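Coordinates in review
Read off the chains here:
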Amino acid sequence: MTARPQVGLFATCLVDLYRPSVGFAAASLLEKAGCDVAVPTAQVCCGQPAYNAGDRKSAAAIARQTISLFEEFDYVVAPSGSCAGMLRHHYPDLLADDADFATRASAVADRTWELVSFLTDIRGWSGIDASWPKGVTYHDACSGLRELGIKVQPRQLLEKVAGLELRELDAPDVCCGFGGTFCVKYPEVSEAMVDDKIDDIVATGAATVLSGDLGCLMNIAGRLSRRGEAVEARHIAEILAGTATGPAIGGADDGQG
Amino acid sequence: MNQTSLDFSKNAARAQADADLQSALAKLQRDTRLARPVITGRLPEFEDLRDRAVAIKDHTLAHLDHYLETFEANVTDAGGHVHWCNDAGDARETILQICNNVNAKTVGKGKSMVSEEIALNDYLIANGLEVVETDLGEYILQLREETPSHVVMPAIHLKKEQIADTFRDHHTTLDPDRPLDAPSDMTEEARTKLREKFLSADVGITGANMLIAETGSIVVVTNEGNGDLTQTLPRVHIVIAAIEKVVPRVDDALSILRILARSATGQEITCYTTVATGSKRPDDLDGPEEFHLILLDNGRTKLLEGEFRDVLRCIRCGACQSACPVYGAVGGHAYGGVYGGPIGAVLTPALDGIDKAWPLPEASSFCGNCEAVCPMRIPLPGLMRRWRDIAHTQKLNKTGARRGLALWAWAAQHPALYRFGARISLRLLRTVGRRRGYLRRLPLAGGWTAARDLPTPEGGTFIDRWQKEMPGKTGS
């Protein structure tokens, strides 16, 4: 392994389509943490929507595609606990009976990490040079928390952000109701769940809600907007990288984009 | 019961509109969340105990025939009778026969989810018996003609004011102006009413939390002692238990007891833990003259053979229900089967058929909290996903979402086309939404925009922008 590990950045489909700035923030953090970053351009999605819909065949095809693209790197890093968890835990299960891909899936799985935990646990890095002088609260996205054990890592790094005051939620580890296609299959149940989350967020008095998964954030931001709440939602990578200069998720811009 | 799992969405909507139910569920969720760290924090070996409990159950399931036969032999030695019943019909008939053989008029019942599974009460009542539930929660539900909404707290969907009204409606010989504000008023009243029934019951029917193979004993845990009165006062005691309840030794039962109450109600141990073996011996002061044990399969053997085997470790503590945010939003009845919540989403398709229950495994955000709290480490989200695989293969979920996903999955396997489509869609979304930052309505995305705005994309895809801004850094 070279002195500077080669990291393949798996941007995730939501970052690719909705919030490229999170991808750039992730790349910037990885470089600050001493890595060389590459972004394979044929990457699409981790396949989780198909996997969770019971369409194992499509999910396996997408998994093989992703593995082929990323197996050349020392590490695969994604700014999402959900997608990283898919590569890390579910690809080996999905391809267990695939003679060609079973071992390749395990090899990629072992080298796949969620961004924030990669920075802290693998790189031992905490050289944050960012400022966000606001009250902030943090939602523990479910997959990162329960599949990957991400809990203290984001807080360790947020502590280093100048001026940032972390105000914990009453129930930071309760699901926000996103759940991928769950939120469109059972919209009313999902709405009740996100409303509980938003009541909790608003009660902290924080100006910004952060999380590590764009899916949860779009759900939370979309509901915040519909309810007319003033809290803005951002991905934690934007704050840690100090690149949160543009509009928040769903924030209006001046039309130059 | 009337199985309505296919109507999960409709059931859920009704539950969400029920203010009393919502306040009861909010309290359950909050109490559960606050209790959990206290319970596990006080017991440093909690995680080790879980591992041990899993190992005990896995071992037992791997040698289930051996332990069941040992159990049967020891029950018989202790003067009891074991009845092997394949399905619900078998079990109902066997129980009715035992009741008829002793000319029973009245049956006292302890709480038993398996008796719900075989719809026992309705059957016995239809055949002329009086059946009285003796667990307070079950008694309330019997008066209200409702089914349990939680495996250990059957009436958790009710507020105490509703229960007071139920008592006033049914206990009509009592003073209508009596105070029933405090829970203690109500338990006292129920106790008086139930005591008459305990004394007059000809047959007592209970479930069992565990069956101990080496001694032929049953273990029953309750908080009210009703289980003890039900099994010791009547002349005949019938136990109904599913075959996965057996454990090899007394020690194993004790290990599992240490995590059962903690996971179920947050207690270290329940108020009553009763171990009973066989019928009354000549020197015993009390106990039933006849002891019958109904060993029910009802689909378990089939589960044992396949990929859902892990669910047979379940000890019916209800931790997954109390901890599930979907259960917390809709309650147990919305699941339309005997078992609600995550365990119901896995068990109901097994018991009733996936074609009658496919929406249940779909109704999960896969947050994983059920698996995190399950004392037996049952991979509930993984098992729900297996049901989704089967539902998908059988094309049960013929919805617009299915077609949309199929199109997306096809595109995702053609990266160049996917990227082309992404550019066009993003340009459209930007044109419509960028000034406000959000889209309030979007065709084909009603599931999202009914309750949420759709954040407008930032503009351009990450991949396109990276290629432009960071040429050469795209891997080999």
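Quick notes on the rules
Residues numbered from 1 in each chain as written. Chains lettered and ligands numbered in written order. Predicted model: local features only at pLDDT ≥ 70, side-chain atom pairs only at ≥ 80, totals over all residues. Pairing = 2+ DSSP bridges. Helix = DSSP H or I, 4+ residues; strand = E, 2+ residues; numbered from the N terminus. Buried ≥ 20, exposed ≤ 12 C-beta atoms within 10 Å, placed from the backbone. Expected span 1.5 Å × (residues − 1). Arc of directions from axis to C-beta. Contact = placed C-beta atoms within 7 Å. Axes fitted to C-alpha atoms, helices over the stretch in contact; angles between N-to-C directions. Parallel < 35°, antiparallel > 145°, perpendicular 65-115°, else oblique. Nonpolar A, V, L, I, M, F, W, Y, C, P; charged D, E, K, R; others polar.

**So, the sheet that holds strand β8 (residues 246-247) of chain B**
Residue and element names in this part refer to chain B. Strands sit in the order β8-β5-β6-β9 across an open sheet of four strands; the sheet is mixed. Unpaired on one side and paired on the other, β8 and β9 (272-277) mark the two borders of the sheet. Looking at chain direction, strand β5 (residues 210-212) and strand β6 (residues 217-222) are connected through three bridges and run antiparallel. Counted as the bridge partner of Met210 is Val219 from β6.

**Considerations on unusual backbone geometry**
Residues and elements named next belong to chain B. Despite not being glycine, Asn103 shows a phi value in the positive range, around 55 degrees. Within the secondary structure, Asn103 is located in the loop between α5 (88-101) and β2 (106-109). Using a count of 7 C-beta atoms within 10 Å as the deciding quantity, one classes Asn103 as exposed.

**Remarks on helix α3 (residues 46-62) of chain B**
Residue and element names in this part refer to chain B. Over its 17 residues, α3 runs 24 Å from end to end, which matches the ideal 24 Å to within 8%, given 1.5 Å per residue. Buried within α3 are the following residues: Ala53, Ile56, Lys57 and Thr60. Buried residues of α3, viewed axially, fall in a sector of 90 degrees; they line one side. Exposed and facing more than 90 degrees away from the buried side of α3 are Glu47, Asp48, Asp51, Ala55 and Ala62. Elements in contact with the buried residues of α3: α4 (64-77), β8 and α12 (250-264).

**Some thoughts on the packing of helix α11 (residues 187-204) of chain A against helix α12 (residues 214-227) of chain A**
Residues and elements named next belong to chain A. Two elements in contact, α11 and α12, have axes separated by 10 Å at closest approach and are oriented at 75 degrees. Put simply, α11 runs roughly perpendicular to α12. In this structure, α11 contributes Val194, Asp195, Lys197 and Ile198 to the contact, and α12 contributes Asn219, Ile220, Arg223, Leu224 and Arg227.

**Concerning the interface of chain A and chain B**
Contact residues are listed per partner, giving 66 residues for chain A and 61 residues for chain B. The element best represented in the side of chain A that touches chain B is α12 of chain A, accounting for seven residues. Tallied by class, the residues present in the side of chain A that touches chain B amount to 35 nonpolar, 18 polar and 13 charged.

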